[in-house]
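Analysis of the macromolecular model
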Amino acid sequence: MSTSSPAAVRQPVYFIPHGAGPCFFMDWNPVDTWDDMAVFLRAIEDELPERPKAILLVSAHWLVPEFSVTSGQAPELIYDYYGFPEHTYKLKYPAPGHPELAKQVIGLLENAGLAAREEAERGFDHGAFIPLKLMFPEANIPVVQLSLDMDVDPKAHLAAGKALTPLRDEGVLIVGSGMSFHNMRGYGDYRYTAPSEEFDRWLSDTVESGGEERTRSLGNWMDAPHALDCHPRGHEEHLIPLMVAAGAAGDDAGQRVYTQQVMKTQLSGFRFG
């Protein structure tokens with residue numbers, strides 16, 4: 001990503017929870033359900049070493065047969081949530097795209113043996129623009145969105161993240177946007193509290209373990225305690241952005257930087273580097 005500005009500072013990598021639909025911008029019951037998560041997301045900008053040159057965001061809400069990258073100059077928003085208040089379908093996030101970065105992402109993935117393609121007409125889905133409205137509300141940092149590969153193979157997504165690591169040294173903030181627990185039947189059900197807590201402990205320990213052990217464990221995440229209670233088979237897409245984030249982390253330390261019980265389930269966010 002060419003730039004005439006001074007050398008960039010290496011950016012960390014985040015895996016963030018993005019809530020439920022447009023939850024931060026509407027009334028909820030209880031009213032404080034999403035408050036702590038919103039505070040966490042709003043604080044991220046101030047915790048960075050410098051303002052990012054661009055953001056590469058991997059959302060759980062875009063699954064296609066091969067890795068795809070938004071390459072438009074001014075991506076529109078995709079309101080891919082249903083049954084919410086009318087005003088939430090008028091939310092705006094006019095961040096510019098970054099076609100040059102999109103091409104660089106594709107090149108890095110292809111050099112790692114991973115098929116990838118541009119999507120010039122694709123906009124930002126709610127897994128991208130909803131958290132970004134809190135993280136960078138001025139919407140003046142270029143954003144490129146990367147899809148998941150619909151086979152949701154954790155090892156392939158770890159490899160994709162590894163391929164994208166050099167972008168961090170160019171000032172690109174890489175963000176995985178999903179949920180550390182995502183079982184629609186489990187939200188609000190006390191029977192899922194203990195299983196979600198046990199899986200969350202495993203996930204936190206794994207993220208913090210680092211190196212080959214982290215990569216090996218995340219690549220076999222279904223072997224974790226209560227893994228399929230928290231992410232049912234066939235619906236594990238909300239965990240997979242973490243694999244891209246962990247892959248992009250390289251050998252950098254990981255830490256849990258947010259955790260909260262929401263609707264009787266444990267949710268967490270992580271930072272690498």
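It should be noted that the structure appears before, not after, this text.
We now turn to the structure provided with this report. (Residues numbered from 1 in each chain as written. Predicted model: local features only at pLDDT ≥ 70, side-chain atom pairs only at ≥ 80, totals over all residues. Heavy atoms only, no water.)

1. Re the overall build of the chain
Keep this limit in mind: The way it works is that DSSP assigns letters per residue, a run of H or I at least four long becomes a helix, a run of E at least two long becomes a strand, and they are numbered from the N terminus. Buried residues are those whose accessible area, probed at 1.4 Å on protein chains only, stays under 20% of the maximum for their type, while exposed residues exceed 50% and partly exposed ones sit between those limits. The contact criterion used is simple: two residues touch if any of their non-hydrogen atoms lie within 4.5 Å.
When helices and strands are tallied, the chain shows 8 helices and 8 strands. Projected onto the principal axes, the alpha-carbon positions of the chain cover approximately 55 × 45 × 35 Å. The burial tally for the chain puts 58% of its 273 residues in the buried class. At a minimum sequence separation of 6, the contacts of the chain that also span at least 24 residues come to 81%.

2. Re the environment of A227
Following the sequence through the fold, A227 ends up in helix α7 (residues 227-230). When the C-alpha positions of A227 and L203 are compared, they lie 9.6 Å apart, and in sequence the two are 24 residues distant. Not counting the four nearest positions on each side in its chain, A227 is found in contact with F199, W221 and M222.

3. Quick notes on the pattern of salt bridges
Where side chains of opposite charge bring their charged atoms close, a pairing between them can arise. Cut-off, in case you're wondering: Salt-bridge detection follows one rule: a side-chain nitrogen of Lys or Arg within 4 Å of a carboxyl oxygen of Asp or Glu.
What the rule picks out here adds up to 11 salt bridges. With its nearest N and O atoms 3.0 Å apart, the salt bridge here joins E50 to K53. The class of E50 is partly exposed, set by a relative accessible area of 23%. One salt-bridge network, held together by shared partners, links R10, R168, D169 and D252.

4. Things to note about the layout of surface pockets
Rule in force here: Note on definitions: the grid is 1 Å and covers protein atoms alone; a cavity is a set of points where a 1.4 Å probe fits but cannot get out; a pocket is an open set with protein on both sides within 12 Å along at least five of seven lines; lining residues have an atom within 4 Å of a point. Grid points are joined across faces, edges and corners, and a volume is the space filled by probe spheres set on the points. Gly is placed with the polar residues, together with every amino acid not listed as nonpolar (Ala, Val, Leu, Ile, Met, Phe, Trp, Tyr, Cys and Pro) or charged (Asp, Glu, Lys and Arg).
Roughly 290 Å³ of volume is contained in the largest pocket. In terms of lining residues, the largest pocket is bounded by 18 residues, among which G19, A20, G21, H182 and M184 are the most central. Here the residues of the lining of the largest pocket are counted per class, giving 10 nonpolar, 7 polar and 1 charged. Of the volumes computed, that of the second largest pocket is approximately 180 Å³. Secondary-structure elements contributing two or more residues to the lining of the second largest pocket are α4 (154-164), α6 (211-219) and α8 (240-249). Here the lining of the second largest pocket takes 4 residues from α4, the largest share from any one element. Partitioning the lining of the second largest pocket into residue classes produces 3 nonpolar, 4 polar and 3 charged.

5. Brief notes about the pairing of strand β4 (residues 116-119)
The line we're drawing: Strands are treated as partners if at least two bridges between them are detected by DSSP. Looking down the strands as they point away from the viewer, one classifies a crossover as right-handed if the path from the first strand across the helix to the second runs clockwise.
Strand direction decides the pairing type here: strand β3 (residues 67-70) and β4, joined by 4 bridges, are parallel. Bridged to S68 within β4 is R117. The β-α-β motif built from β3, the intervening helix α2 (residues 99-111) and the parallel element β4 has right-handed crossover chirality.

6. Focus: α2
Heads up, the rule is: Helix span, expected: 1.5 Å multiplied by one less than the number of residues in the helix. Arc, as used here, means the arc of the directions from the helix axis to the C-beta atoms.
Taking 1.5 Å per residue, 13 residues should reach 18 Å; α2 reaches 18 Å between its end C-alpha atoms and fits that length. Regarding α2, the residues found buried are L101, A102, V105, I106, L108 and L109. Take α2 and look down its axis: the buried residues cluster within an arc of 165°, on one side only. Facing away from the buried surface of α2 by more than 90 degrees, the exposed residues are K103 and N111. Packed against the buried residues of α2 are β2 (54-64), β3, β4, β5 (143-149), α4 and β6 (172-178). Of the residues trailing α2, G113 is marked for its positive phi of about 85°.

7. A few points about the side chain of D189
How we decide: A 3.5 Å cut-off defines polar contacts: any pair of N or O atoms within that distance qualifies, except that in protein one atom must be a possible hydrogen donor and the other a possible acceptor, and neighbouring residues in sequence count only when both atoms are side-chain atoms.
By the element assignment, D189 lies in the loop between β6 and α5 (193-209). A distance of 2.7 Å separates a polar atom in the side chain of D189 from a polar atom in the side chain of R191. Those residues in contact with D189 that lie beyond four places of it in its chain are M263 and K264.

8. Regarding a negative patch on the surface
Heads up, the condition is: A patch consists of residues whose relative accessible area exceeds 30% and which take part in no salt bridge; residues with like charges are grouped when within 9 Å of each other, and nonpolar side chains (Val, Leu, Ile, Met, Phe, Trp, Tyr) when within 5 Å. The accessible surface values rely on the Shrake-Rupley method and a 1.4 Å probe; as for residues, cover is taken only from the protein chains in view. Working convention for charge: Lys and Arg count positive, Asp and Glu count negative, and His plus the chain ends are omitted. A single reference atom marks each charge: NZ on Lys, CZ on Arg, CG on Asp, CD on Glu.
Residues E45, D46, E47 and E138 make up a contiguous surface patch of negative charge. Position of D46 relative to the elements: it lies in the loop between α1 (35-43) and β2.

9. Considerations on unusual backbone geometry
Residue P30 follows N29 across a cis peptide bond; omega there is 0°. One non-glycine residue, K264, lies in the positive phi region at around 65°.

10. Some thoughts on the side chain of D200
Relative to the elements of secondary structure, D200 occurs in helix α5. Overall, the relative accessible area of 3% leaves D200 in the buried class. Those residues in contact with D200 that lie beyond four places of it in its chain are S180, R256, T259, Q266, L267 and S268.

11. Quick notes on the packing of α1 against helix α3 (residues 126-135)
Worth spelling out the cut-off: To obtain each axis, a line is fitted to C-alpha atoms, and for helices this fit is confined to the stretch in contact; angles are then taken between N-to-C directions over 0 to 180 degrees. Angular relationships are summarised with four words: roughly parallel below 35 degrees, roughly antiparallel beyond 145, roughly perpendicular across 65 to 115, and oblique for the angles in between.
Contact geometry for α1 and α3: axes closest at 7 Å, N-to-C directions at 70°. On the basis of the axis angle, α1 is roughly perpendicular to α3. The segment α1 lies against α3, with A38, L41 and R42 engaging P131, L134 and M135. Each residue belonging to the contact of α1 with α3 can be placed in one class, and the counts come to 5 nonpolar, no polar and 1 charged.

Read these as spatial facts, not as claims about activity.
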